[in-house]
Amino acid sequence: MEGVMSDYTGKEIVILEGLEAVRKRPGMYIGSTGSRGLHHLIWEILDNSIDEHLAGFCNEIHITMKKDGGISIEDNGRGVPVDIHPTKKVSTVRVVYTILHAGGKFGNSAYKVSGGLHGVGSSVVNALSTHMTVEVKRGGLVYRDEYKDGGHPVTELKNGALEPVGKCAKSATGTKVTFYPDAEIFETIHFKAEVIKKKLKEIAYLNKNLKLVFKNENDGEEKTYLEEHGIKSFVSYINRDAHVLHKEPIYFEGTSGDIEVEVALQYTTNFSEQINPYCNRINVVDGGTLVTGFKMALTRVMNQYARELGVLKDKDENFDGKDIRNGLVAIISIKHPDPQFEGQTKTKLGNTDAKTAVDEVVTTEIQRYLDKNINVLQAILDNSVKSYNARKASDKARNTVLKQLNDVDTKSKLAACTSKNPEECEVYIVEGDSAGGTVKTARNRKTQAVLPLRGKILNVEKASLEKILLNNEIKSMIAAFGCGIGDEFDINKLRYDKIIILTDADVDGAHISTLLLTFFYRFMPELIYSGKIYRGLPPLYKVDYEALDKKTKKKNSEYVFNDFELEKFRKNKNNKIVSIQRYKGLGEMDASQLWETTLDPESRLLAQITISDSVDADDATTTLMSSNVPPRRQFIMEEAQYANLDI
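As the structure is a computational prediction, the values presented were derived from the model and not from experiment.

**Student:** I tried to follow the environment of Gly-484 on my own but got confused; where do I start?
**Tutor:** Along the chain, Gly-484 turns up in the loop between helix 13 (472-481) and strand 21 (498-502). For the pair Gly-484 and Met-524, spaced 40 residues apart in sequence, the C-alpha to C-alpha distance is 8.9 Å. Aside from chain neighbours lying at most four places away, what touches Gly-484 is Ile-478, Phe-489 and Met-524.

Set out below in structure tokens:
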């Protein structure tokens, strides 16, 4: 444990703005009000404890699922400051947990490295809880602050100060937060132990020697996560079912300037690469400068070895970077004092010094490793040669197919929009000619194009590249988007700002959406990372009701998009429901209803497809869509209890 306790006081807590509208628009702060948003509350509080670990003050965190539905997170860090805040004139604990954008991550003195991007977490969790308590141990004293009904303080302050409620050993420092999510906000308030444990496992890999203790009071389960080898073990875990070219993952670390770099990598017999980048333990799924630096260094070093060992002759061209990375699984983890994130979803690192730092460390350390492990070097070079030969052969097949795209007859399928400005255009991908016809009638012809698919597209996880590119539905999409595929992909040539998947709300519709997303993820991932892929969310119900009023009974209709909203509608005593219509498919709505509910940018609901965790995304895609049945069966058995069935 490092650092000086006196450096962390109220003056390090910088306030940017007050807490506003969190309960009205929770999705802006936690992404959704479903299960994912519910668990995000845990990650927000956990982030604060892990930042204490990164700063050198915390080595143990306890996460408890309580019997009464709450979550408790306790660390042995310095404890949130309890002194009077210099501008708010109340205890700093109160400021941190009730004011949005108040936190030590905005100044430079409290945290050298921080994973929290916005510093909104603590107050947002409070705002979305029915009850929260914060217990702080500092200076041999215990302090307790309590909040109810969305962050309203119930503990009285004395002249702005929080009075101690007990004593403890001076060495016993830390913060304990217990909260209960609000059932009026969330679709479910039941936490899933498996989701929490999976996250803790990843956190342990990324934070070497941090002890995480999970306890579930509902069934008595207790589990400890502690990884001495960090991301090296993480790579082994990812490759647990793969055939690897060398038994032990390559691991090295180094520092360049004030940036710490850790890399672990291992080669497999798979025909793809998986690079998982982390900055301050945040998964930057869209990569950025740290990935660029890694790729540059690895390509340069391996080509240099290939020349020195005679694998490449003078007349031979260098290996392509993709040849060298074929079958590679790598984790790059850096600690940066001032990370700058780019992109629509803030999942791309933009710092140029990160590229330089990773390049320098990888160049130096991987050569040091490979000079001592010639057998590993030879295995990688052999793999690069095989990849090079296979790529040349597949390039010929792909080029033949891609030349045919100019001849693809999309006119019979694609109903184009009249505007040629990609920034205002969008394309709806719909299932079948029937739904396609309704959408074509309802759309705005100037900016909205429609591409009907005839049947389910190919499952690209099970097919060869040549078979994929010969599939008519896939060829139609490639031709319609205009941005190419593979090495020829250029997102600047994309003809639409939004690609919207619009399917029926049934099992077949969900399957088609999954097949499309698998294709985009494997062959056009830039579309997802750039925030171009969406799912249209048509309503599930139309509710006719009377608005009960002292003077009149006014008849109204309202569209409801899920069962959670319908249940809230039923409980509204100001309305008397007259009838409920259940929509099974898009074809059950006429053109005006479809426009109003699903196509009109002013009133429709769209879900943007994002990837928050590249390891999870790759793992789930492989498990659910590949030909390997046992892992899929196990996944379904484990997750079936959480499924929502529409029978």
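Next comes the rest of the write-up.
**Student:** When you look at the sheet that holds strand 16 (residues 328-335) in this model, what are you seeing that I'm missing?
**Tutor:** One key point about sheets: their strands pair by backbone hydrogen bonds, in either a parallel or an antiparallel sense. If you walk across this open sheet you meet the five strands as 12-13-16-14-15, and the pairing is mixed. Either end of the sheet is taken by a strand with one partner, and the two such strands are strand 12 (250-256) and strand 15 (282-283). Where strand 14 (residues 274-279) lies against strand 16, six bridges are found, and the strand directions are parallel. Across the sheet, residue Tyr-278 finds its bridge partner in strand 16, namely Ser-333. The strands that helix 9 (residues 352-372) touches are strand 12, strand 13 (259-267) and strand 16; relative to strand 12, the one it contacts most, it runs at about 135°.

**Student:** How should I be thinking about the pattern of salt bridges in this particular structure?
**Tutor:** Two side chains carrying opposite charge are able to pair once their charged atoms lie near each other. Applying the stated criterion across every chain yields a total of 18 salt bridges. Close ionic contact of Glu-52 with Arg-78 constitutes a salt bridge, the shortest N to O distance being 2.7 Å. Of this pair, Glu-52 sits in helix 2 (residues 35-54) while Arg-78 sits in the loop between strand 3 (71-75) and helix 3 (92-98), and the two are 26 residues apart along the sequence. Of the two residues, Glu-52 and Arg-78, both sit in the buried class. The network of salt bridges with common partners includes Asp-47, Asp-51 and Arg-281.

**Student:** Help me out: how do you make sense of the packing of helix 2 against helix 5 (residues 193-206) in this one?
**Tutor:** Between two packed helices, what matters for the description is the angle formed by their axes and the separation of those axes. Direction vectors running N to C along helix 2 and helix 5 enclose 30°, while the axes themselves pass 11 Å from each other. In this view, helix 2 runs roughly parallel relative to helix 5, as classed from their interaxial angle. For the pair helix 2 and helix 5, the crossing hand works out as right-handed. Of helix 5, the residues touching helix 2 (which contributes His-39, Ile-42, Trp-43, Leu-46 and Ile-50) are Val-195, Ile-196, Lys-199, Leu-200 and Ile-203.

**Student:** For this particular structure, what's the right way to read the environment of Ser-49?
**Tutor:** Mapping Ser-49 onto the fold places it in helix 2. Overall, the relative accessible area of 3% leaves Ser-49 in the buried class. For the pair formed by Ser-49 and Arg-78, sequence separation is 29 residues and the distance between their alpha carbons is 9.6 Å. Sequence-distant contacts of Ser-49, that is, excluding residues within four places in its chain, are made with Cys-58, Ile-61, Ile-73 and Asp-75.

**Student:** Please clarify how the packing of aromatic side chains should be interpreted in this entry.
**Tutor:** Each aromatic ring pair is specified by the distance between its two centres and by the angle formed by the two planes. Scanning the model with the defined rule gives nine aromatic pairs in all. For the ring pair Phe-519 and Phe-520, a centre distance of 5.7 Å and an interplane angle of 50° mean the geometry is tilted. For the pair formed by Phe-519 and Phe-520, the shared burial category is buried. Measuring from ring centre to ring centre gives 5.0 Å for Tyr-545 and Phe-569, while their planes differ by 75°; the resulting arrangement is edge-to-face. Of this pair, Tyr-545 sits in strand 23 (residues 541-548) while Phe-569 is found in helix 16 (residues 563-571), placing the two residues 24 residues apart along the sequence. The pair Tyr-545 / Phe-569 is uniform in exposure class, with both members buried. Three or more aromatic residues joined by ring pairs form one cluster here, namely Tyr-205, Phe-234, Tyr-237 and Tyr-278. When the ring centre of Tyr-237 is taken as origin, the NZ or CZ atom of Lys-201, which lies over that ring, is 5.1 Å away.

**Student:** Sorry, what's going on with the sheet that holds strand 21 here?
**Tutor:** Read across the sheet, five strands follow the order 20-19-21-22-26 without closing on themselves; strand pairing throughout is mixed. Since the sheet does not close on itself, it has two edges, and those belong to strand 20 (448-453) and strand 26 (606-608), each with one partner. The mean inter-strand angle of the sheet, taken between neighbouring strand axes irrespective of direction, is 30°. Sheet contacts for helix 14 (residues 507-523): strand 19 (426-431), strand 20, strand 21 and strand 22 (533-536); angle to strand 21, the most-contacted strand, approximately 150°.

**Student:** Would you explain unusual backbone geometry in this entry?
**Tutor:** Residue Lys-89 is not a glycine yet carries a positive backbone phi of 60°. Inspection of the secondary structure assignment puts Lys-89 in the loop between strand 3 and helix 3. On the basis of relative accessibility, which here comes to 54%, the residue Lys-89 falls in the exposed class.

**Student:** Looking at this model, I keep getting lost on the side chain of Ser-129. Mind explaining?
**Tutor:** The residue Ser-129 is located in strand 5 (residues 129-138) in this model. The class of Ser-129 is buried, set by a relative accessible area of 1%. Looking at Ser-129, its side chain comes within polar contact range of the main-chain oxygen of Val-125, at 2.6 Å. Among all residues touching Ser-129, those that are not within four sequence positions of it are Arg-23, Asp-149, Gly-150, Gly-151, Phe-179, Tyr-180, Pro-181 and Asp-182.

**Student:** How should I be thinking about the pairing of strand 6 (residues 141-148) in this particular structure?
**Tutor:** Regular strands show a simple pattern: their side chains alternate between the two faces of the sheet. Sheet analysis places strand 5 next to strand 6, joined by eight bridges and oriented antiparallel. Within strand 6, the residue paired with Glu-135 across the bridge is Arg-144. Between strand 5 and the antiparallel strand that follows it, strand 6, lie two residues; Gly-139 among them carries a positive phi value of about 60°. Sheet topology places strand 6 next to strand 7 (residues 152-153); two bridges connect them, and they run antiparallel. Considered in strand 7, the bridge of Lys-148 is made with His-152. Between strand 6 and strand 7, which pair antiparallel and follow one another directly, the connecting turn spans three residues, one of which, Asp-149, has a positive phi of 50°.

**Student:** How do you make sense of the state of the cysteines when you look at a structure like this?
**Tutor:** Should the sulfur atoms of two cysteines be covalently bonded, the bond is a disulfide. Under the defined criterion, the tally for this structure stands at zero disulfides. Just so you know, Cys-417 is unpaired, no disulfide at all, and the nearest cysteine sulfur is the one on Cys-425, 3.6 Å from it. For Cys-417, a relative accessible area of 7% corresponds to the buried category.

**Student:** Even after reading the chapter, I still don't get the confidence of the model for the protein chain, so can you show me in this structure?
**Tutor:** Low pLDDT means the predicted atomic positions in that stretch should not be read closely. When pLDDT is averaged along the protein chain, the result is 84, and 83% of the positions lie at 70 or above. Low pLDDT (under 50) marks residues 14-18, which in the prediction has 19 contacts with non-local residues, meaning those over four places away or in another chain.

**Student:** Mind showing me how you'd approach helix 7 (residues 289-308) here?
**Tutor:** Since the α-helix advances by 3.6 residues per turn, residues separated by three or four positions end up pointing in the same direction. If you check helix 7, its first and last C-alpha atoms are 29 Å apart, about what 20 residues at 1.5 Å a residue would give, namely 28 Å. Downstream of helix 7 by a residue or two, Gly-310 has a phi angle that is positive, lying close to 80°.

**Student:** Whenever I open this one, the pairing of strand 13 confuses me. Can you help?
**Tutor:** The element strand 13 is extensively covered by neighbouring structure, given that eight of its nine residues are classed as buried. Counting the residues that bridge the hairpin from strand 12 to strand 13 gives two residues, and of these Gly-257 lies at a positive phi of roughly 65°. Sheet topology note: the strand 13/strand 16 ladder contains eight bridges and is antiparallel. Across the sheet, residue Glu-260 finds its bridge partner in strand 16, namely Lys-335.

About the thresholds
Residues numbered from 1 in each chain as written. Predicted model: local features only at pLDDT ≥ 70, side-chain atom pairs only at ≥ 80, totals over all residues. Heavy atoms only, no water. Helix = DSSP H or I, 4+ residues; strand = E, 2+ residues; numbered from the N terminus. Contact = heavy atoms within 4.5 Å. Pairing = 2+ DSSP bridges. Axes fitted to C-alpha atoms, helices over the stretch in contact; angles between N-to-C directions. Salt bridge = Lys/Arg side-chain N within 4 Å of Asp/Glu carboxyl O. Buried < 20%, exposed > 50% of the residue type's maximum accessible area, 1.4 Å probe, protein only. Parallel < 35°, antiparallel > 145°, perpendicular 65-115°, else oblique. Left-handed = near helix turned anticlockwise from the far one by under 90°. Phe/Tyr/Trp six-rings, centres within 6.5 Å; stacked < 30°, edge-to-face > 60°. Lys NZ or Arg CZ within 6 Å of the ring centre and 35° of its normal. Polar contact = N/O pair within 3.5 Å; in protein donor to acceptor, adjacent residues only side chain to side chain. Disulfide = S-S within 2.5 Å. pLDDT = per-residue confidence, 0-100. Expected span 1.5 Å × (residues − 1).

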